[in-house]
Structures are given as structure tokens and as C-alpha cells.
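Chain by chain, the residues:
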Amino acid sequence: MADDSKEEDNIPAARALEDISCCARCVLRLLGERDISLYVNPQEKDVKRTCVACLGILEKSNGNTYIDKIQSSVTDAEHQFENFMFTISLPHSVILRQSPFKISLDFTYEDGKKELEFLNYESSKSRPRQRRKRQKYDPVTVTAAGVKKACAELTTVNLLKRVADCPPKSAQSPSELSEITCSHDSIHIAGRYNKYSRALSQTPWIINNVRHCESSVEEKICDLITAKVKPDDHKFASAGREDIDVRMLGYGRPFLVEFINPRVTRLSRPLFADLQKEINSSSADIAVRDLQQVTKEQCLFLKDAETNKTKTYKALIWTEEEVSQEQLQKLANEKDLKIFQKTPLRVLHRRPLAVRERYIYNMTPELIDSHYFNLFLKTQAGTYVKEFVHGDFGRTKPSLGDLLKTETDILQLDVESVDVDWPPRTEETDELKNSS
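Because the structure is a prediction, the values reported are computed rather than measured.

Novice: Before we move on, could you go through the overall build of the chain and cite the residues and values that matter?
Specialist: The helix and strand tally for the chain stands at 14 helices and 14 strands. Here the chain has roughly 25,700 Å² of accessible surface; of this, 49% comes from carbon and sulfur atoms.

Quick look at the structure:
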């Protein structure tokens, strides 16, 4: 009986909604109907007017048109996916109709400009009196949050009626499905790279639209992966970076690439193995290993390692004065040497001026002759090794020259290791090029 009574009570409300040109589905949802089956084939009156509540979006006659457009757009986008999230971007005018939709396609409504003109009046209240002049409605700057805020400030029906139609007038035209955008969450690919060239930058070296280096480590790696993954764009990151004239040897430097809106996302171990071989055979300047897909959460490890890692180097040193084995032995006895480095002159144009405290954990010199020796050193992350050697006009204290009491300079530098155990090592034992 209770159900029958409720149904009878709804009849006047349903007729009132129909009288103001609500479609059958909007009548059901505004009456709180929870039975989904009733929405599939609702009995609609043959009315020419567009639904005043949903602006035609839910009208049965438009359903197949939307489905066809969606199907066509998804097919054309060529994305691979196991499942999907469906969102809709509705005309801001729908907020006036208290539509609960959260499915985001991009709908536009031609008459929305006129309906939302009251926002200019509401926003002008917060501006100084001399600046209160009527502005044209700009659909680009109107947001859903702005419309909701304005409606919340209109606390009574009478207040709303002063600036807008309440209830809204019958729509003169339906909303249009103006745009369907297909996208995929970014995928992240990690690995380690070696650089064997002293004339290759890590990232593209372009100044004022002029390229100063033919290629880069990033391009040699990412161009081939991009051809497989087909993203809109990518972002390259690594555990530090070496200068253009510095080699990256040993087990390589960890790197990470975010591929934005990729089309191909089903990446198998055999595919990564083939990519490694393709990259390694494409250039004598670089090599990669441990290529793999990682999660967004795993990417945080690389960020954390930026300040916690240590690195080992091999540097070829020249000294103005002759140095003895005894002097070099004193270097070898230095442990956990604290140094202070002002931002080097060579990077001052892109990094803030600061004094950084760094540690040289140990040094192992190998004498070549009285003016030359190899220096193997382990340092804290962020240490400017070149500046530690030559002093950077006194900006690094103490420098190697201070310790040896003679002018010193660095002729060659190699990174021997970046002590970050990431990403996980893979089972493949790809042969890397001889770094000698």
C-alpha cells in the first residue's frame, strides 16, 4: 500500500516535470527512481522541445548518435587497454539543473552563454565600485566550481529569479557532443645507460633554437622506444647527469622515462629485450640495460636517491709543480673530507647561487709521472668534481690544488659508478660494448 501511495503522490510531480519539458529519463531521476531497468526504454512523449533538465543529453533519441561517435573516436585513437574510465564534461548550464552526471564527454550548449550571464553580476559584487562594469560572458573562464559557488550564494528562489530564470526556460536547442578525447595514463620505463662518447650531451643541447650537439643520450634511447609506444610526448629523468665530455661507465646510470598518453601499453619482457638490442646496436656511443616498465610508485625511489646516493669517479690530473708519491699517499689518507662549494661559474646561469657542503669519502691516486696521475674518488651526490680539482677560482674550499699546494687541473673524467640499486636487474645478460 505504501508503494502504491508513493506512486500516486509522484503523479502530479511527474506531470509538472513533463509540462516544463523534462524528458522521460529526467522525470525518473528527479523523482528518485532507483530501478535502472526503467531507464532503458522509458515512454517518451512525442515532444519537439529539448529537455530543460539535461539539455538533451539523456534523451533517448540522442543515445545512438553519442554511442556511434564514441565508438568511432575510440577506434581512431588506436589505444590498447584492458578497461577504461568514462568521464563526461557537461555544459556549465547543467549545474543550474542539478545534474548529478560524472561521466565526462565534452558537451557544449549554445544558449549557455545567455543563461550564465548572471555570473558577471555576482562576481562584480566583490570588485571595487569603480570597476563594476558589465563584462561579456567568457565560457573559457567559467568553471563548474564558479557556477556552484554563485548558486550557493543565491540562497532563495526569489534571489535566483532576480538574475536567472527559475525554473529554467525551455531549451531552444539540445546540447551537442562537441569533443571526445581519448587518453591513457602515462607509463614509466626505467633502465640504466652507459655513455662512451666525450662529445654527447645527456639531453638535447639547444640554445635559442640552435642545436649545439647532433644528438643526445635521451634521444638515442627515447626515439626508438617512442616508435614502439607511440606517446604524445615523453619526459626523461636520471640519477644525476654527466657533462658532455664525461663518460658514464661501469654498470651505468639509472634513468626513467615517462611516456605521456601512450597508444601501446602492453609491453612484454621479450619486447624490452628486443628494444635493448635495437638501442645498443644503433649507436656506439651508448648502451642500455635493465630496461623495464615500472609503476608510478616505484619512480619515487629515483627521486629519493638524488640526495642519498654516492658516486665513484676516475679523473686524469695534471699538476703545475711536480708531485711525489709521498704527497699522493697523503691524499689517500684523507677520509670523509668536508668541502664547501659555491655554485660553479659554468652553471651559475641556470642554478641559484649557494654554498653547498659536500663530502669526498675517499681518494686513491695512481702516479703516472711527476706531473700526471689518475685519481679514483668516491663522493657524495651533488659534488662538482671538476671544481674540486681546479678550485673554480677559489669557489671550492679546500680543493685538490689546496691539498697538494700546487695548481691542478682535470684533463679527463669518467663516472665509474652511480651507487643506486635501481631499477631491479633483469634476467637478460645483454652484452654491452667495450668501454675502453
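Resuming the write-up.
Novice: So what about the pairing of strand 12 (residues 372-380)? Which residues, and what values?
Specialist: In this sheet, strand 12 lies alongside strand 9 (residues 310-319) in antiparallel orientation, the contact comprising 9 bridges. Residue pairing across strands places Thr 310 opposite Gln 380, the latter belonging to strand 12. Between the end of strand 11 (residues 355-369) and the start of strand 12, which pair antiparallel, lie 2 residues.

Novice: Kindly report on the packing of aromatic side chains, identifying the contributing residues and their values.
Specialist: Counted by the stated rule, this structure contains 5 aromatic pairs. Judged by centre distance (6.3 Å) and plane angle (85°), the rings of Phe 81 and Phe 84 are edge-to-face. Taking relative accessible area as the criterion, Phe 84 reaches 64% and is therefore assigned exposed. For the ring pair Tyr 359 and Tyr 361, a centre distance of 6.4 Å and an interplane angle of 10° mean the geometry is stacked. Exposure remark for Tyr 359: the relative accessible area of 24% places this residue in the partly exposed category. The exposure class of Tyr 361 is partly exposed, given its relative accessible area of 26%. Each member of the aromatic cluster is reached from another via a ring pair, and the members are Tyr 193, Phe 236 and Phe 255.

Novice: With reference to specific residues and values, describe the environment of Glu 59.
Specialist: As for its placement among the helices and strands, Glu 59 is situated in the loop between helix 3 (37-40) and helix 4 (60-77). In terms of polar contacts, Glu 59 uses its side chain to reach the backbone amide nitrogen of Cys 51, at 2.5 Å.

Novice: Please provide a residue-by-residue account of the nonpolar core, values included.
Specialist: Core analysis: the biggest nonpolar cluster contains 54 residues, and Ile 221, Ile 225, Phe 373, Phe 388 and Leu 400 have the highest contact counts within it. Counting 11 residues, the second-largest nonpolar core is a separate cluster that includes Leu 17, Cys 26, Val 27 and Val 52.

Novice: Help me get a handle on the packing of helix 9 (residues 217-229) against helix 10 (residues 269-282), residues and values and all.
Specialist: Axis separation between helix 9 and helix 10 bottoms out at 10 Å; the angle between their running directions is 140°. Here helix 10 runs oblique to helix 9, going by the angle between their axes. Between helix 9 and helix 10 lies a crossing of right-handed hand. Note on element contacts: helix 10 touches helix 9 through Leu 275, Glu 278, Ile 279 and Ser 282, opposite Lys 220, Ile 221, Leu 224, Ile 225 and Lys 228. Residues that form the contact of helix 9 with helix 10 fall into these classes: 5 nonpolar, 1 polar and 3 charged.

Novice: If you had to explain the side chain of Thr 406 to someone new, which residues and values would you point to?
Specialist: Considering the arrangement of structural elements, one finds Thr 406 in the loop between helix 14 (400-404) and strand 14 (408-418). Its relative accessible area of 9% is what places Thr 406 among the buried residues. Excluding residues that lie within four positions of it along the chain, Thr 406 makes contacts with Thr 319, Glu 320, Glu 321 and Gly 401.

Novice: Kindly report on helix 12 (residues 325-333), identifying the contributing residues and their values.
Specialist: Residues Leu 328, Leu 331 and Ala 332 constitute the buried set of helix 12. For helix 12, the arc enclosing every buried residue in end-on projection is 100°, short of the 170-degree limit, so these residues lie on one face. The exposed residues of helix 12 that point more than 90 degrees off its buried face are Glu 326, Lys 330 and Asn 333. Contacts from the buried residues of helix 12 go to strand 10 (335-342), strand 11, strand 12 and helix 14.

Novice: If you had to explain the confidence of the model for the chain to someone new, which residues and values would you point to?
Specialist: Chain-level pLDDT for the chain is 86 on average; 88% of the residues reach the 70-or-more range. Contacts from residues 99-104, a stretch scored under 50 in pLDDT, to residues over four places away or in other chains number 17 contacts. Contacts of residues 429-436 to residues separated by more than four positions or lying in other chains number 18 contacts, the stretch itself having pLDDT below 50.

Novice: Please give an account of the side chain of Arg 395 that cites residues and values.
Specialist: Within the secondary structure, Arg 395 is located in the loop between helix 13 (385-390) and strand 13 (396-397). Leave out the neighbours within four places in its chain, and Arg 395 touches Phe 340, Gln 341, Lys 342, Thr 343, Pro 344, Leu 345, Leu 348 and Leu 353.

Novice: Could you give an account of a negative patch on the surface, naming the residues involved and the relevant values?
Specialist: On the surface, Glu 320, Glu 321, Glu 322, Asp 369, Glu 407 and Asp 409 cluster together into a negatively charged patch. As for its position among the elements, Asp 409 is in strand 14. By relative accessible area, which is 32% here, Asp 409 ends up partly exposed.

Novice: So what's going on with the pattern of salt bridges? Which residues, and what values?
Specialist: Counted by the stated rule, this structure contains 13 salt bridges. Ionic pairing is found between Arg 198 and Asp 414, a salt bridge with its closest N-O pair at 2.8 Å. Here Arg 198, found in the loop between strand 3 (187-195) and strand 4 (206-207), pairs with Asp 414, found in strand 14; they are 216 residues apart in sequence, far enough to count as distant. The partly exposed category is assigned to Arg 198, whose relative accessible area is 27%. Given the relative accessible area of 6%, Asp 414 is considered buried. The partner of Arg 263 in a salt bridge is Asp 232, and the shortest N-O contact between them spans 2.6 Å.

Novice: Explain a nonpolar patch on the surface to me, using residue names and the numbers behind them.
Specialist: Residues Val 74, Phe 81, Phe 84 and Phe 86 make up a contiguous nonpolar surface patch of roughly 380 Å² in combined accessible area. Looking at the secondary structure, you find Phe 81 in the loop between helix 4 and strand 1 (106-108).

Conventions and cut-offs
- Residues numbered from 1 in each chain as written.
- Predicted model: local features only at pLDDT ≥ 70, side-chain atom pairs only at ≥ 80, totals over all residues.
- Heavy atoms only, no water.
- Helix = DSSP H or I, 4+ residues; strand = E, 2+ residues; numbered from the N terminus.
- Areas by Shrake-Rupley, 256 points an atom, 1.4 Å probe, with all protein chains shown as cover.
- Pairing = 2+ DSSP bridges.
- Phe/Tyr/Trp six-rings, centres within 6.5 Å; stacked < 30°, edge-to-face > 60°.
- Buried < 20%, exposed > 50% of the residue type's maximum accessible area, 1.4 Å probe, protein only.
- Polar contact = N/O pair within 3.5 Å; in protein donor to acceptor, adjacent residues only side chain to side chain.
- Core = buried A, V, L, I, M, F, W, Y, C linked by side-chain atoms within 4.5 Å.
- Axes fitted to C-alpha atoms, helices over the stretch in contact; angles between N-to-C directions.
- Parallel < 35°, antiparallel > 145°, perpendicular 65-115°, else oblique.
- Left-handed = near helix turned anticlockwise from the far one by under 90°.
- Contact = heavy atoms within 4.5 Å.
- Nonpolar A, V, L, I, M, F, W, Y, C, P; charged D, E, K, R; others polar.
- Arc of directions from axis to C-beta.
- pLDDT = per-residue confidence, 0-100.
- Patch = residues over 30% accessible without salt bridge, like charges linked within 9 Å, V, L, I, M, F, W, Y side chains within 5 Å.
- Salt bridge = Lys/Arg side-chain N within 4 Å of Asp/Glu carboxyl O.
- Lys, Arg positive; Asp, Glu negative; His and termini not counted.
- Charge placed at Lys NZ, Arg CZ, Asp CG, Glu CD.

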